[in-house]
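Residues per chain are reported as follows:
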Protein chains: 2
Amino acid sequence: MAEAGGMERSKLDNPEKHGAGTGTLGKALAVLEAVAMADRPQRFTDILQSVGQPRGTLHRLLGHLVDEGLLVQRQDLSYEPGLRLLKLAYRSWSGSRFRDIAEPYLLRLHDLTGETVHLGVLQETEIIYVDKVESRQTVRMSSQIGKASPAYCTGVGKAALSSLPPDELRRITARMEFRPFTARTHRSAAALLAEIEEIRRDGHAFDREEHEAEICCVAAPIAVQEHDLVAGVSVTGPSYRVSMAQLAIWAKDVRKAAAEIAEEVRIRLGPGRGER
Amino acid sequence: MAEAGGMERSKLDNPEKHGAGTGTLGKALAVLEAVAMADRPQRFTDILQSVGQPRGTLHRLLGHLVDEGLLVQRQDLSYEPGLRLLKLAYRSWSGSRFRDIAEPYLLRLHDLTGETVHLGVLQETEIIYVDKVESRQTVRMSSQIGKASPAYCTGVGKAALSSLPPDELRRITARMEFRPFTARTHRSAAALLAEIEEIRRDGHAFDREEHEAEICCVAAPIAVQEHDLVAGVSVTGPSYRVSMAQLAIWAKDVRKAAAEIAEEVRIRLGPGRGER
DNA sequence: GATCGTTGTTCCGCTATCTGGAACGGCGTC
DNA sequence: GACGCCGTTCCAGATAGCGGAACAACGATC
């Protein structure tokens, strides 16, 4: 529908997120996402209201998604994500050159601190975790690879944001919705931008229980312009075990790791070549 | 447009894998898969020959995939998987009730044996790993969640196959391509079926370096008909450390874990309810 | 136990969207 | 400077998607 122009492809122009539904594929993905993001199996009607799509259309769409193995329909008629998604994602994850390069540095950082280490990539207003190293005893390994968290209240997120050029930063912060997860979460773009100024100066960012209570971290930005890569590393721990003073001490190690990763990315993936 | 029947949706009816390309969505996914499965960034021409699609069509398809964030086009014009895939998969993985239920049993099995524990689900001729518990020092955690391996040469795969009804088993084995990974890999459906007969009797399966040299395992099937779930658990180790005798001893623990998981799945996800 | 409301499925004419052969422009090579 | 390769763009034609509306199967409600 819309989409008159012709020139511009999709760099960053569409004001909506995806989800709206460019063409047939877009609609199908909107449905897939609606099902994947829900935390319980979705029945036809559930989906019907989350994506505003006529019944007939939705029905066919779901049929196709099931045919393709992206969704599975259970005998109680509800839908849930299929395994094909996992398989597809695995290949894209395991083939990521960036993750691969960063890994040893993450391990080193973990050995040094004994705390959980995250690697995340900025994607619009969210950061998506692409790797994680944590101690055996904690919750569950890798439980959040692929997880998306808001950028404005996470260490990696804020660090990554701090490496953006001013106009890009403005564009992105403008689209944020400042949801107060804890008492300390930023509630406005102004507050966030002020802190980002500091972060830019210091070279590292803190998360002072802004996303989850009792959880804090230090993070540093990894930015490689030549590859459109805006990311961050962090060391995270529970407040009772890790003081802000301790985090401040680790800050330089995190910065160093970030710098080394960025450097190696630049070397190993020369300008002509590519990120993967 | 085939799909005359009416009742059955896509249980297992289409003779082709996916990939061929049912409708528009199918074609788009075939392209996505071609890029995701390749181990380096794909240029337009590369993709052109892997999916047999006219230039014009392919070009538009790629455009849409990029618009949707499923692919990213780099400045050297090559394509690679985008992060949206990872995000989508994360949600589907973390929301899986099955994985969640199985987890404690996997951990217990790991504590008992000290070796790597896998949880995999059968998907046609492949098994897809949905969880993994391994010792800290080994390679990398979770490095193969979402990985797809052939069913005929893995412990979990063979165990899962052994729980299928005969006709279903025949249908699936008929579609397998017996690639000899090691000297001990089954080379024919006949050989595989013979072993499956034994497995069905014993209640557990061994992988005697059939997929990778120096790697072997014991596995047991987890099958819950009411939920169309055909899966398996396994304990895996390197031959130099884990003897076949040792595996035989662990067999009963693996069987027990499998039985308990199946039981809890049945209880927690009562018939009317659902898997997720 | 008849009626109404809800939920999933099917139908079918309409047209938007996808289709794909062909032509175009940019680059590097011989 | 001509040739060949590669990515992109165009456009008439037709397929596949579209979606309003009718239908069937339950389950509540009175």
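Residues numbered from 1 in each chain as written. Chains lettered and ligands numbered in written order. Predicted model: local features only at pLDDT ≥ 70, side-chain atom pairs only at ≥ 80, totals over all residues. Heavy atoms only, no water.

Enquirer: Lay out the sheet that holds strand E4 (residues 126-133) of chain A in plain terms, naming residues and giving numbers.
Expert: Residue and element names in this part refer to chain A. Here we have 6 strands laid out as an open sheet, ordered E5-E4-E3-E8-E7-E6, and antiparallel in their pairing. Strand pairing shows two members of the sheet lacking a second neighbour, strand E5 (148-150) and strand E6 (205-208), which therefore form its edges. For this sheet, the mean angle separating the axes of adjacent strands, direction not counted, is 35°. Against the sheet, helix H5 (residues 97-113) contacts strand E3 (116-123), E4, strand E7 (215-224) and strand E8 (229-238), and its axis sits at roughly 145° relative to E3. (Pairing = 2+ DSSP bridges. Helix = DSSP H or I, 4+ residues; strand = E, 2+ residues; numbered from the N terminus. Axes fitted to C-alpha atoms, helices over the stretch in contact; angles between N-to-C directions. Contact = heavy atoms within 4.5 Å.)

Enquirer: Give a detailed account of the confidence of the model for chain A, specifying residues and quantitative values.
Expert: All names here are of chain A. Taken residue by residue, chain A gives an average pLDDT of 84. The fraction at 70 or more is 87%. Low pLDDT (under 50) marks residues 1-20, which in the prediction has 19 contacts with non-local residues, meaning those over four places away or in another chain. Residue range residues 272-276 is modelled with pLDDT below 50. Its contacts to residues more than four positions away, or to other chains, number 27 contacts. (pLDDT = per-residue confidence, 0-100.)

Enquirer: So what's going on with the protein's contact with DNA strand D? Residues and values would help.
Expert: Around DNA strand D, the surrounding shell holds 19 residues, and the nearest of these are Arg60(A), Thr24(B), Thr45(B), Arg55(B) and His59(B). Close to the protein, within 4 Å, the atoms of DNA strand D belong to sugar or phosphate groups at a rate of 71%. The separation between a phosphate oxygen of DNA strand D and a polar main-chain atom of Thr24(B) is 3.1 Å. With 5 residues, helix H3 (residues 55-67) of chain A is the single largest residue contributor to the surface near DNA strand D. When the residues that make up the surface near DNA strand D are grouped by side-chain class, the tally is 4 nonpolar, 11 polar and 4 charged. (Near = heavy atom within 4 Å. Polar contact = N/O pair within 3.5 Å; in protein donor to acceptor, adjacent residues only side chain to side chain. Nonpolar A, V, L, I, M, F, W, Y, C, P; charged D, E, K, R; others polar.)

Enquirer: Now, about the sheet that holds strand E5 (residues 148-150) of chain B: what can you tell me, with residues and values included?
Expert: The strands that make up a sheet are held in pairs by hydrogen bonds between backbone atoms, and each pair lies either parallel or antiparallel. All names here are of chain B. The strand order across the open sheet built from 6 strands is E5-E4-E3-E8-E7-E6, with neighbouring strands paired in antiparallel fashion. If you trace the sheet from one side to the other, it starts and ends with E5 and strand E6 (205-208), each paired once. The mean angle between the axes of side-by-side strands here comes to 35°, regardless of whether they run parallel or antiparallel. Direction of pairing for strand E3 (residues 116-123) relative to strand E8 (residues 229-238): antiparallel, over a ladder of 6 bridges. Each residue of the ladder has a partner; that of His118, found in E8, is Ser234.

Enquirer: Tell me what's going on with the pairing of strand E7 (residues 215-224) of chain B, and back it up with residues and numbers.
Expert: Residue and element names in this part refer to chain B. Here E7 lies mainly inside the structure; 7 of its 10 residues are buried. Pairing between E7 and E8: 10 bridges, direction antiparallel. When the sheet's bridge partners are listed, Pro221 is paired in E8 with Gly232. Connecting E7 to the next strand, E8, in antiparallel fashion are 4 residues, including Asp228 with a positive phi near 55°. (Buried < 20%, exposed > 50% of the residue type's maximum accessible area, 1.4 Å probe, protein only.)

Enquirer: An account of the pattern of salt bridges is needed here, citing residue identities and associated values.
Expert: Using the criterion set out here, one finds 36 salt bridges over all chains in the structure. Here Glu126(B) makes a salt bridge to Lys87(A), at a shortest N to O gap of 2.9 Å. One end of the pair, Glu126(B), is in strand E4 (residues 126-133); the other, Lys87(A), is in helix H4 (residues 83-94), on a second chain. Each member of the pair, Glu126(B) together with Lys87(A), is buried. Between Arg84(B) and Glu68(B) there is a salt bridge; the shortest N-O distance is 3.1 Å. With Arg84(B) in helix H4 (residues 83-94) and Glu68(B) in the loop between helix H3 (55-67) and strand E1 (71-73), this residue pair connects regions lying 16 residues apart in the sequence. (Salt bridge = Lys/Arg side-chain N within 4 Å of Asp/Glu carboxyl O.)

Enquirer: Talk me through the packing of aromatic side chains; I want residue IDs and the actual numbers.
Expert: All names here are of chain A. Taken as a whole and assessed by the stated rule, the structure comprises 2 aromatic pairs over all chains. Where Tyr152 meets Phe178, the ring centres are 4.8 Å apart and the plane angle is 55°; that geometry is what we call tilted. Remark: Phe178 occurs in the loop between helix H7 (166-174) and helix H8 (189-202) and Tyr152 occurs in the loop between E5 and helix H6 (155-162); sequence separation between them is 26 residues. Taken individually, Tyr152 and Phe178 each receive the classification buried, so the pair is uniform in this respect. (Phe/Tyr/Trp six-rings, centres within 6.5 Å; stacked < 30°, edge-to-face > 60°.)

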